[in-house]
Amino acid sequence: MTNLVNLRNITKSFGGIHALQGVDFDVRAGEIHALLGENGAGKSTLMRVLGGEIKPSSGTIEIEGQVIEFAGPSAARALGIAVIHQEFALAPDLTIAENIFLGELPSFIGWGKLKERASDLIRHLGFDIDPTVKVGSLAVAHQQVVEIAKALSRDVKIIVFDEPTAVLATQDAERLHEIIRGLRARGVGIAYISHRLDEVFAIADVMTVMKDGKVVDKVATGSVSIDDVIRMMVGRPISAMFPDRTGRKLGPVKLEAKGLTRGRLVKDVSFSIRGGEIVGLGGLVGAGRTEVARAIFGADRLESGTVILNGKALRLQSPRDAVKAGMGLLPEDRKLQGVILNQPIKVNSTMARLSSIVNRFGFLKSKVESRAVTVLSDKLRLKASSIDAPVSSLSGGNQQKVALAKWFYADGDFIILDEPTRGVDVGAKSEIFGLINRLSEAGKAVLVISSEHQELFGLCDRILVMREGKLYGELLPDDYSEENLLSLAMTGEPSRITL
């Protein structure tokens, strides 16, 4: 395979911050090269250099053996380099066809030809989507298809994918991987950034690991384990990321769900969780895990069944009722449902218990709020310029901490965490695991929903497994394994364990 890109000794400084320090990186034709590291390691900065968005302080960029100095992103695109960011660069009020060819639209538009070309590109990716539909009406997975089609419309040679599956369901992520493998087979070079190491090992040919703006190592995927890569990234093995949960005493039952039923994805679900206990809810996407969480939290109305908290049966008409009763829910989509991005950290942190920071006339006690949030910020090791900073200015891991801060401050007895580490780096995951453990140490009952099995194994006291809306089994620590969990999730038949 020939090298399409050679980045050599790339440095980049922003003021006194050395974001890149002598970094080498290459992309070969027909190869998927993963770029790994914690937030702040320099991955996205390096890819912005490759995409012509920023100029390096020093170093050389070679494209197919020729030294290049990009005048800007358009110069990089002209040489066949496309960068697909996590936040898509699409115009929601324009059609799919218009978005794909936005940079090429002539003053006189042949709409029929435009539609035909767009259809051909989308079909080539394995999808059948009407190119006259407005992009704003599409699901996230289909918007990503439009971004890829847009790149392919320009005879692309190199595509950078920056966290492409962070907001995708498992089946959509697998479909995207099929597309990327197809691009590799056509000789396209792929640079792939992701925090989801399981998918990196499934798709990448080679990996470069970065830390603090430097390359730690470049390795072939088959020559190392996930544990090896995590050790390179953060300096400790995966087992050290999880808190020690041995020798703890659990309290009485806090939460009971009895015969919960709603539609086809919540069918006669019953379980209980004790104070201080962390219980996992496993299963494949579509098994009904999130639907169970929403039903318990009052977001969806139950057809039948009872939710009991601290021995009291609840009549929940809305999430507000659940919060008043002492529940909390960290939703899987933090940006849409977990935080208010344009509001300050302090507002997000206290919104679930406003009664503690307003006086009897309803006016905000700003000093009380600031003191409380400052203490909470220190407790959660939140990295931000100030508590007045908008949540949108934070990294994914710190946004997730703010979403968690709300429930620490609310101080309820039962917390549901739906995909609590989705889209955050390995270091932030370890910190979030510690915060979840602190909730249980405070006597809270905690339900964790996660698609990452190792996360469930490392964090939970036991794991309930769902399939097609029903609970099919329970795994205890001695029986934790991929085989046992997947056996229950895929066939409904436990390999050795019964509920």
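Below: a short report on this structure. Computed from a predicted model, the values in this text were never measured in an experiment.

**Comments concerning the overall build of the protein**
A tally of helices and strands in the protein yields 17 helices and 20 strands. Its C-alpha atoms give the protein a radius of gyration of 24 Å, near enough to 23 Å, the size a compact globule of 499 residues would have. Here the protein holds 499 residues, and the buried ones make up 52% of them. Across the protein, every contact between residues at least 6 apart in sequence was considered, and the portion connecting residues at least 24 apart equals 65%. Of the side chains in the protein, 62 bear a positive and 60 a negative charge, and the two mean positions are spaced by 6 Å.

**Things to note about the packing of aromatic side chains**
Counted according to the given criterion, the structure contains three aromatic pairs. Measuring from centroid to centroid gives 6.3 Å for phenylalanine 297 and tryptophan 407, while their planes differ by 85 degrees, and the two rings are edge-to-face. Here tryptophan 407 lies in helix H14 (residues 396–410) and phenylalanine 297 lies in the loop between helix H9 (289–296) and strand E14 (304–309), a separation of 110 residues in the sequence. Overall, phenylalanine 297 belongs to the buried group, its relative accessible area being 6%. When its relative accessible area of 7% is taken as the criterion, tryptophan 407 is described as buried. Centroid distance phenylalanine 457 to tyrosine 480: 5.2 Å. Interplanar angle 25 degrees. Geometry classified as stacked. In this pair, phenylalanine 457 sits in helix H16 (residues 453–459) while tyrosine 480 sits in the loop between strand E20 (470–475) and helix H17 (482–491), placing the two residues 23 residues apart along the sequence.

**Side note on the nonpolar core**
Among the nonpolar cores identified, the biggest contains 126 residues, and Ile159, Phe161, Phe271, Met327 and Phe414 are the most heavily contacted of them. A per-element tally of this core places H14 first, with eight residues. Other than its neighbours up to four places away in sequence, phenylalanine 161 contacts Ile84, Ile148, Leu176, Ile180, Leu183, Ile190, Ala191, Tyr192 and Ile193. Core analysis: the second largest hydrophobic core is formed by 27 residues, Phe25, Phe70, Ala76 and Ile158 among them.

**Here's the deal with the side chain of aspartate 162**
Mapping aspartate 162 onto the fold places it in strand E7 (residues 158–162). In this structure, aspartate 162 is buried with no salt-bridge partner, the nearest side chain bearing the opposite charge being lysine 43 at 6.9 Å. A distance of 3.2 Å separates the side chain of aspartate 162 from the side chain of serine 44, its partner in a polar contact. Every residue in contact with aspartate 162, bar those within four places of it in the chain, is listed here: Ser44, Ile84, His85, Gln86 and Ile193.

**Concerning H14**
Here H14 spans 22 Å end to end across 15 residues, near enough to the 21 Å set by a 1.5 Å rise per residue. In terms of burial, H14 is a largely internal element, 15 of the 15 residues being buried. Just downstream of H14 lies aspartate 411, where phi reads positive at about 60 degrees.

**Examining the packing of H14 against helix H15 (residues 426–441)**
Relative placement of two packed helices is described by the angle separating their axes and the distance separating the axes. Two elements in contact, H14 and H15, have axes whose closest approach is 10 Å; the angle formed by their N-to-C orientations is 5 degrees. As summarised for this structure, H14 and H15 are arranged roughly parallel, according to the angle between their axes. Listed contacts from H15 to Gly397, Gln400, Lys401, Leu404 and Phe408 of H14 are Ala428, Glu431, Ile432, Leu435 and Leu439. For the contact of H14 with H15, the class distribution of residues is six nonpolar, two polar and two charged.

**Overview of the pairing of strand E9 (residues 206–211)**
Counting buried positions over the six residues of E9 gives five, a clear majority of the element. With six bridges joining them, E9 and strand E10 (residues 214–220) adopt antiparallel strand pairing. By the bridge assignment, threonine 208 is partnered in E10 with lysine 218.

**Remarks on the sheet that holds strand E8 (residues 189–193)**
Taken in spatial order, the six strands line up as E6-E7-E8-E3-E9-E10 in an open sheet, and their pairing is mixed. Here the strands that pair on one side only, and so sit at the sheet edges, are strand E6 (81–84) and E10. Shown here is a sheet whose adjacent strand axes are inclined to one another by a mean of 15 degrees, direction ignored. The strands touched by helix H8 (residues 226–234) within the sheet are strand E3 (32–36), E9 and E10, with E9 carrying the most contacts at an inclination of about 30 degrees.

**Details of the sheet that holds strand E18 (residues 445–449)**
The strand order E16-E17-E18-E13-E19-E20 describes an open sheet built from six strands, whose pairing is mixed. Each edge of the open sheet carries a strand with a single partner, namely strand E16 (327–330) and E20. Ignoring strand direction, the axes of neighbouring strands in this sheet form an average angle of 20 degrees. Taken together, the five bridges between strand E17 (residues 414–418) and E18 define a ladder with parallel strand orientation. Of the residues in E18, the one forming a bridge with phenylalanine 414 is alanine 445.

**What about helix H6 (residues 170–185)?**
Taking 1.5 Å of rise per residue, 16 residues should cover 22 Å, and H6 covers 23 Å from first to last C-alpha, within 8% of that figure. Within the span of H6, buried status applies to Ala173, Leu176, His177, Ile179, Ile180 and Leu183. When H6 is viewed along its axis, its buried side chains cluster within an angular range of 160 degrees and face the same direction. For H6, exposure combined with an orientation more than 90 degrees from the buried face picks out Glu178 and Ala185. Glycine 187 occupies a position one or two residues after H6 and carries a positive phi of about 95 degrees.

Conventions adopted
Residues numbered from 1 in each chain as written. Predicted model: local features only at pLDDT ≥ 70, side-chain atom pairs only at ≥ 80, totals over all residues. Heavy atoms only, no water. Helix = DSSP H or I, 4+ residues; strand = E, 2+ residues; numbered from the N terminus. Rg over C-alpha atoms; globule rule 2.2 N^0.38 Å. Buried < 20%, exposed > 50% of the residue type's maximum accessible area, 1.4 Å probe, protein only. Contact = heavy atoms within 4.5 Å. Lys, Arg positive; Asp, Glu negative; His and termini not counted. Charge placed at Lys NZ, Arg CZ, Asp CG, Glu CD. Phe/Tyr/Trp six-rings, centres within 6.5 Å; stacked < 30°, edge-to-face > 60°. Core = buried A, V, L, I, M, F, W, Y, C linked by side-chain atoms within 4.5 Å. Salt bridge = Lys/Arg side-chain N within 4 Å of Asp/Glu carboxyl O. Polar contact = N/O pair within 3.5 Å; in protein donor to acceptor, adjacent residues only side chain to side chain. Expected span 1.5 Å × (residues − 1). Axes fitted to C-alpha atoms, helices over the stretch in contact; angles between N-to-C directions. Parallel < 35°, antiparallel > 145°, perpendicular 65-115°, else oblique. Nonpolar A, V, L, I, M, F, W, Y, C, P; charged D, E, K, R; others polar. Pairing = 2+ DSSP bridges. Arc of directions from axis to C-beta.

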